[in-house]
Amino acid sequence: MKVTKGGVQQLGVKQSKEYGRSGPEPLIVTEQGRMSKLLLFVSSVLLCCCRTTRAEIFTSIGQMTDLIYTEKELVQSLREYIKAEESKLAAVKSWANKLDALTRVSTADPEGYLAHPVNAYKLMKRLNTEWSELESLVLQNPADGFVSNMSAHRQYFPDEEDETGAAKALMRLQDTYQLDSEAFSKGKLPGVHSNAVLTVDDCFDMGKTAYNDADYYHAVLWLQQALKQLDDGEEAVVSKADILDYLSYSVYQMGDLPRAIELTRRLVAIDPSHQRAGGNLRYFEQLLMKQLREMNQDYQPPSEEPIQLGTYSRPKDHLPERESYEALCRGEGIQMTEARRSRLFCRYHDGKRNPRLLLKPVKEEDEWDSPHIVRYLDSLSDEEVEKIKELAKPRLARATVRDPKTGVLTTANYRVSKSAWLEGEEDPVIDRVNQRIEDITGLTVETAELLQVANYGVGGQYEPHFDFSRKDEPDAFKRLGTGNRVATYLNYMSDVEAGGATVFPDFGAVIWPRKGTSVFWYNLFRSGEGDYRTRHAACPVLVGSKWVSNKWIHERGQEFRRPCGLTEVD
């Protein structure tokens, strides 16, 4: 026997992901019955509309802004529907009041009432004509216009994958920037004051999303927050029993048996007939006693401290430099010493007397000494930025990475953004930007990849990666026929309120986005060997919308522009 998501079950029995759910809640008829039916109707339409939509909207703030205006239009349509329903109901009420008064008189003395020929005629008329008109009125459906409007917008609606992706993005932000669930639920983010809050039901849904993904670490954090807010008196649709049901099992999965027992006892006290709670409680108690006997220890009651960030250890994942990477994203662990700072300078750069830069050289600042990373100021104008975004926005699609084995572009969970590729021939602005990159770097862009434009969505990020292909992936750029990526030129096209830095975990550098500036570094030594120090990442965007564009410059064509050095690491 073992405890599973459905309680104590035989080994091998398949369990539903909807642990703790036995069916829909019964509808309660109240004075607000009409509004409940209205909300049910709207919800059903929304559900219907969402089933056939495109996914991954959450990966781009730029595309999500369109949903704001879509929702505004739908709200207006909904108000028109409510007004039509109220008008219809008022007409029906008027009929009912008139007929109610009339039937009180007619039923008091039916024969005497019908003795008057006018009354007899009007009864025939009412039943033959007027009641049919009333029937037609009742059968009118004011919802047709609203449903039609919803149908027109359904292709733009997010789906379940978007909701799940957005929830996981909040958890990613929570981990990276060490934010507890309570701060998040109250909208308290670093340097930001907002009225955006998460309700009990929001926190519960966050916890359930993590739970259904077997991510019990985050499930505990969010379910505990839902329970706290409910205990503090906040109203909610979800019941305390449901929260305790999920939370107790998640705590058990985190290995905290004493607290799992305490939570399950609370559940049994609330709902003694719960189908799993009693069995789970007995199992937890037996398992704890067995463990204590094996370790020859006495029972210790669970901590009275509430579960919060740091109560349980976060599970390790695939990324070896996770801790240093996230610390840099928070601005911690930066290896900028005074000695290093003294070696950084700023200068005017004319691209080795490039004719286009002689009269107006660019401002160049050293960001790091070794490997050498520089930033160019005022490298893009606001007008150029807006034009690039205008061209890219209709084409934004989930950003891809190149499969190291096949060389084919594919999506990856460690890169959450949307991107588009722009050719120089499409617009003079793109051609001008490409030429400027060539003038500044002194490298030809004839063999470079197209200008890639990226917009990061909720918690958008690109985990630590190399831009160049390593020796174990020789075919990564074979299809391009232009050699490896020798250098990266990155344009920042927006300021970011919080988060979104470019970090280099290997040597502890952080580069913060500044609109209109660009950064540049070499990925390869002059020998063609990869500089493994350039492994870098785009930190999750905490607040704001991050737009960047980049040019990956390749080896072919650079033979005389950047000749080989005398050693492997020149």
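Anything mentioned here points back to the structure above.
None of these values were measured; they are calculated from a predicted model.

> Go over empty space enclosed by the protein with me, naming the residues and quoting the values.
Tallying each qualifying case throughout the model produces two cavities of 30 Å³ or more. The space that makes up the largest cavity amounts to roughly 200 Å³. What lines the largest cavity is a set of 18 residues, among which Tyr456, Tyr462, His465, Leu490 and His536 lie closest to the centre. Among the secondary structure elements, those contributing two or more residues to the lining of the largest cavity are strand 11 (451–456), strand 12 (461–465), strand 13 (485–492), strand 18 (536–538) and strand 20 (546–554). With four residues, the top contributor of residues to the lining of the largest cavity is strand 20. Counted by class, the lining of the largest cavity contains nine nonpolar, six polar and three charged residues. Considered as a void within the structure, the second largest cavity measures approximately 30 Å³ in volume. Around the second largest cavity, the lining residues are Tyr217, Val220, Leu221, Gln308, Leu309, Gly310, Thr311 and Tyr312.

> So what about the pairing of strand 5 (residues 373–377)? Which residues, and what values?
Burial runs high along strand 5: five of the five residues are buried. Neither face of strand 5 is open: one carries Ile373, Arg375 and Leu377, the other Val374 and Tyr376, and all of them are buried. Two strands pair when backbone bridges link them, and strand 4 (residues 362–368) and strand 5 are joined in this way by five bridges, in the antiparallel orientation. Its bridge partner lying in strand 5, glutamate 364 is registered against tyrosine 376.

> Hey, could you go over a negative patch on the surface for me, with residue numbers and the actual values?
A cluster of acidic residues, Glu160, Glu163, Asp202 and Asp205, forms a negative patch at the surface. Those elements giving two or more residues to the negative patch turn out to be helix 6 (160–176) and helix 8 (200–212). Inspection of the secondary structure assignment puts glutamate 163 in helix 6.

> Mind laying out the nonpolar core, listing which residues take part and the relevant values?
With 62 residues, the main nonpolar core has Trp222, Ile243, Val251, Val503 and Leu542 as its most contacted residues. Elements represented by at least two residues in this core include exactly helix 6, helix 8, helix 9 (216–231), helix 10 (240–253), helix 11 (257–270), helix 12 (277–295), helix 13 (322–329) and strand 19 (541–543). Counting residues per element, this core draws most heavily on helix 9, at ten residues. Those residues in contact with leucine 542 that sit more than four places away from it in its chain are Leu173, Tyr177, Leu179, Leu189, Pro190, Ala498 and Gly499. Grouped together as the second largest cluster of nonpolar side chains are 32 residues, Leu357, Leu391, Met493 and Ile553 included.

> So what's going on with the pattern of salt bridges? Residues and values would help.
Evaluation of the coordinates by the stated rule reveals 39 salt bridges. Ionic pairing is found between glutamate 426 and arginine 395, a salt bridge with its closest N-O pair at 2.2 Å. Here arginine 395 lies in the loop between helix 16 (382–392) and strand 6 (397–398) and glutamate 426 lies in the loop between strand 10 (418–422) and helix 17 (428–441), a separation of 31 residues in the sequence. On the accessibility criterion, glutamate 426 (29% relative accessible area) is partly exposed. On the accessibility criterion, arginine 395 (38% relative accessible area) is partly exposed.

How each quantity is defined
Residues numbered from 1 in each chain as written. Predicted model: local features only at pLDDT ≥ 70, side-chain atom pairs only at ≥ 80, totals over all residues. Heavy atoms only, no water. 1 Å grid on protein atoms, 1.4 Å probe; cavity = no way out; pocket = protein on both sides within 12 Å on 5 of 7 lines; lining within 4 Å. Points joined across faces, edges and corners; volume = space filled by probe spheres on them. Helix = DSSP H or I, 4+ residues; strand = E, 2+ residues; numbered from the N terminus. Nonpolar A, V, L, I, M, F, W, Y, C, P; charged D, E, K, R; others polar. Buried < 20%, exposed > 50% of the residue type's maximum accessible area, 1.4 Å probe, protein only. Pairing = 2+ DSSP bridges. Patch = residues over 30% accessible without salt bridge, like charges linked within 9 Å, V, L, I, M, F, W, Y side chains within 5 Å. Areas by Shrake-Rupley, 256 points an atom, 1.4 Å probe, with all protein chains shown as cover. Salt bridge = Lys/Arg side-chain N within 4 Å of Asp/Glu carboxyl O. Lys, Arg positive; Asp, Glu negative; His and termini not counted. Charge placed at Lys NZ, Arg CZ, Asp CG, Glu CD. Core = buried A, V, L, I, M, F, W, Y, C linked by side-chain atoms within 4.5 Å. Contact = heavy atoms within 4.5 Å.

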